[in-house]
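What the coordinates show
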Amino acid sequence: MTTLDSKVPAGSIEDKWNNHKFSIRLVNPANKRKYSVIVIGSGLAGASAAATLSELGYHVKVFTYHDSPRRAHSISAQGGINAAKNYHNDGDSIYRLFYDTVKGGDYRSREANVYRLAEVSNNIIDQATAQGVPFAREYGGLLDNRSFGGAQVSRTFYARGQTGQQLLLGAYQALAKEIGKGSVEMVNRSELLEVVTHDGRAAGVIVRDLLNGDVTAHSAHAVVLATGGYSNVFFLSTNAMACNTTAIWRAHRKGAHFANPCYTQIHPTCIPQSDESQSKLTLMSESLRNDGRIWVPKAPGDHRPASDIPESERDYYLERIYPAFGNLVPRDVASRNAKTQVDTDHGIGPLRNGVYLDFKHAIDRLGEDTIRERYGNLFEMYERITDDNPYATPMRIYPAPHYTMGGTWVDYNLMTSVPGLYAIGEANFSDHGANRLGASALMQGLADGYFVLPYTIGDYLADYLNVDPVPTDHDVFTKAIAEVQDRTARFLATKGRRSVDWFHRELGKIMLEECGMERSREGLEKAIREIPQLKEEFESDVKVLGANESFNQSLEKVGRVADFFELAELMCRDALDREESCGGHFRVEHQTEEGEALRNDEDFTHVSAWEWNGPDEPQTKRKEELVFENVKLATRSYK
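Residues numbered from 1 in each chain as written. Predicted model: local features only at pLDDT ≥ 70, side-chain atom pairs only at ≥ 80, totals over all residues. Heavy atoms only, no water.

Assigned domains within the protein: domain 1 (16-26 + 37-263 + 405-464), domain 2 (267-401) and domain 3 (482-615). Its C-alpha centre places domain 1 at a distance of 31 Å from the equivalent point of domain 2. At the junction of the two partners, domain 1 supplies 26 residues and domain 2 supplies 30 residues. Both sides of the domain 1 and domain 2 interface together cover about 2,300 Å² of buried area, and 54% of this is carbon and sulfur. Its largest share of buried area at the contact with domain 2, domain 1 owes to Gln-78, Leu-236 and Thr-238, together 28% of the area lost on that side. The interface formed by domain 1 and domain 2 includes zero salt bridges. (Domains from an automatic or database assignment. Contact = heavy atoms within 4.5 Å. Buried area = accessible area lost by both parts, 1.4 Å probe. Salt bridge = Lys/Arg side-chain N within 4 Å of Asp/Glu carboxyl O.)

Below is the structure:
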């Protein structure tokens, strides 16, 4: 089995990044204007990368399917962004952030990438503050911090419950400045439908104008994918409904390995599903676990209102089971425990499908004004959706699909296995292992875009000085356009009976049941049988309304769902292959007597990177061995 080369530099963990920056090749400022780079996606990773590359002198073209880059899903992140500034003087450091992230990912991440992430985290806060991001401040003027799951220090910087929005506005301002200068070309309302390669390297992309259906080719020296994760494979998730996997899946079909697809995160604090026809779940920020206490009735089947259940009959189960971390255990631990409570008839709410998140004790201790100041917009959002006042009654929460730790395999330079094709932010797999700690997504997206890719991309581009990009009238582009148009025509010609959403929902049910919070060999084998059957029905019986030459959301969805079918099958095969439990991947056959995840370090201390073999062939597994030289492999304990 081929072992992948991660290109991690030699040397001590503290020196790797600085030594690497010195050793890789540079492109001098006068030559940068000779290169063009395509960036797909305008969220935190894409906007920060595009703005920074443009400021360095490269010509950048950005594509987004939104009407404005400000609409990217990064705007939905609520709770905060991690950094190791140790403002609270509570023992934090770059090494502790590194250690917590490796441990939080259940020892399935690449040490060198995680240390670099921790190392540049402080620069992100300085950058964002200089841009005017209104981080919360203490009385004395210093930026404030709060706690998040998986850590015993306060290292999370925040802007109320709007951190993602404020950080994205900062990155957008930097991007808009470059657009105004003319060094960034911004293309709104367009979707990538194919990655184009020539002589084994990335040459450009094929995009469709979502307003008029025009399909066009665009070439560049390098292509950067910053298109987020794939949690919408579950249909119901916290992601915006337009989030999809098409960009990274098209890259996978062109040779980019797909790493650890089974590593998906179920977020513990979401509003429970209310009915069968619901199409979106709403996230309540993990920051609420700072002051909210999670509990269920001690007695099974106790359906009394929360106000009628006395303290002596409440089970604050996370505080009971994990006294050291309490309500701030990592997301995978909190989610599995909530599922256990619901499965054993301790669930609450109209459908008995939730647990309580209660702020009564915090309000009594701190006062309602303080809680309103910290979480007011989140409480308002919750009340608008549920018609319950969380200041007076506990919130109802339950886990939901949220973030994906798997993604396109990249090396230390963030380049995929296709030369010249990069993946940054949630689109790659690199930093979080089997579970992401809260407030680390924004950190990774901005680290990749502001401080990593702008260095590493020059090492590749240096080989192509005075070499023009492949022209868009080349055969590789005309063939790619024809394939995209043929695919679109096939979708439109299928005069089936069922909507795209119906098939997506049915796929989501299979995935959530068999490849969600708990997986088993029996369930995964069942899913691997059922997904191709449903896909075959989808291909013959889906109904796509409208035409290509207009704004057509049905046509947009059908291509995305077709990719979800292929991805879903790979996720199940990856989960079946990984005979262990780690982080968000929990196989019921591999657990301790206490029901905790049981890793198999002897056989699975590696990244599983899958190579595309064609539409009718299972992928081939490649390995990247994980070596832990600085953090000793140990059983995670939050007790």
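Quick look at unusual backbone geometry now. Unlike most non-glycine residues, Asp-387 shows phi in positive territory, near 65 degrees. Tracing the backbone through its elements, the reader meets Asp-387 in the loop between α11 (368-386) and β15 (395-404). Positive phi, close to 65 degrees, is recorded for Asn-466, a residue that is not glycine. The exposure class assigned to Asn-466 is exposed, which follows from its relative accessible area of 59%. (Helix = DSSP H or I, 4+ residues; strand = E, 2+ residues; numbered from the N terminus. Buried < 20%, exposed > 50% of the residue type's maximum accessible area, 1.4 Å probe, protein only.)

With 134 residues, the main nonpolar core has Ile-81, Ile-457 and Met-511 as its most contacted residues. Considering every element that reaches this core, the biggest residue donor is helix α16 (residues 553-577), with 13 residues. Taken together, domain 1 (16-26 + 37-263 + 405-464) and domain 3 (482-615) each give at least three residues to this core, which thus spans both. Dropping the residues within four chain positions of it, Ile-457 is found in contact with Val-37, Leu-53, Tyr-58, Ala-222, Val-224 and Tyr-422. If you look at the next biggest cluster of nonpolar residues, it comprises 27 residues, including Tyr-322, Ala-338, Ile-363 and Leu-378. (Core = buried A, V, L, I, M, F, W, Y, C linked by side-chain atoms within 4.5 Å.)

It is worth spelling out helix α13 (residues 475-493) at this point. The first and last C-alpha atoms of α13 sit 27 Å apart over 19 residues, in line with the 27 Å expected at 1.5 Å per residue. Within the span of α13, buried status applies to Phe-477, Ala-480, Ile-481, Val-484, Arg-487, Thr-488, Phe-491 and Leu-492. For α13, the arc enclosing every buried residue in end-on projection is 135 degrees, short of the 170-degree limit, so these residues lie on one face. Seen from the buried face of α13, the exposed residues on the opposite side, beyond 90 degrees, are Asp-475, Lys-479, Arg-490 and Ala-493. (Expected span 1.5 Å × (residues − 1). Arc of directions from axis to C-beta.)

Attention now moves to the sheet that holds strand β5 (residues 184-187). The five strands lie next to each other as β5-β2-β1-β9-β17, forming an open sheet whose pairing is parallel. A strand with exactly one partner marks an edge of an open sheet, and here the two such strands are β5 and β17 (421-423). Taken pair by pair, the neighbouring strands of this sheet meet at an average axis angle of 20 degrees, ignoring direction. When strand β9 (residues 222-225) meets β17, the two strands line up parallel, connected through three bridges. Its bridge partner being in β17, Val-224 is matched across the sheet by Tyr-422. The sheet strands contacting helix α6 (residues 163-181) are β2 (59-63) and β5, and the helix crosses β5 at an angle near 110 degrees. (Pairing = 2+ DSSP bridges. Axes fitted to C-alpha atoms, helices over the stretch in contact; angles between N-to-C directions.)

Below, the discussion takes up the sheet that holds strand β18 (residues 606-611). The strand order across the open sheet formed by four strands is β16-β10-β18-β19, and the pairing between neighbours is antiparallel. Edge positions in the sheet fall to β16 (407-408) and β19 (620-625), since each of these pairs with one other strand and no more. When β18 meets β19, the two strands line up antiparallel, connected through six bridges. Bridging from a neighbouring strand, Ala-609 pairs with Arg-622 of β19. Sheet strands touched by α16: β10 (258-259), β18 and β19. Its angle to β18, the strand with the most contacts, is close to 145 degrees.

As a packed pair, helix α1 (residues 16-23) and helix α5 (residues 111-130) sit with axes 9 Å apart at the nearest point and diverge in direction by 90 degrees. Relative to α5, α1 is oriented roughly perpendicular. Here α1 contributes Lys-16, Trp-17 and Asn-18 to the contact with α5, which in turn contributes Ala-112, Arg-116, Glu-119 and Val-120. Residues of the contact of α1 with α5, tallied by class, amount to three nonpolar, one polar and three charged. (Parallel < 35°, antiparallel > 145°, perpendicular 65-115°, else oblique. Nonpolar A, V, L, I, M, F, W, Y, C, P; charged D, E, K, R; others polar.)

Tracing the sequence through the fold places Thr-605 in the loop between α17 (601-604) and β18. Among the polar contacts made by the side chain of Thr-605, one reaches the main-chain carbonyl oxygen of Asp-601 at a distance of 2.6 Å. When near neighbours in sequence (up to four residues on either side) are disregarded, Thr-605 contacts Arg-108, Asn-600, Glu-625, Leu-626 and Phe-628. (Polar contact = N/O pair within 3.5 Å; in protein donor to acceptor, adjacent residues only side chain to side chain.)

Relative to the elements of secondary structure, Ala-136 occurs in the loop between α5 and β4 (156-157). Exposure remark for Ala-136: the relative accessible area of 18% places this residue in the buried category. Separated by 396 residues in the primary sequence, Ala-136 and Pro-532 have C-alpha atoms spaced 49 Å apart.

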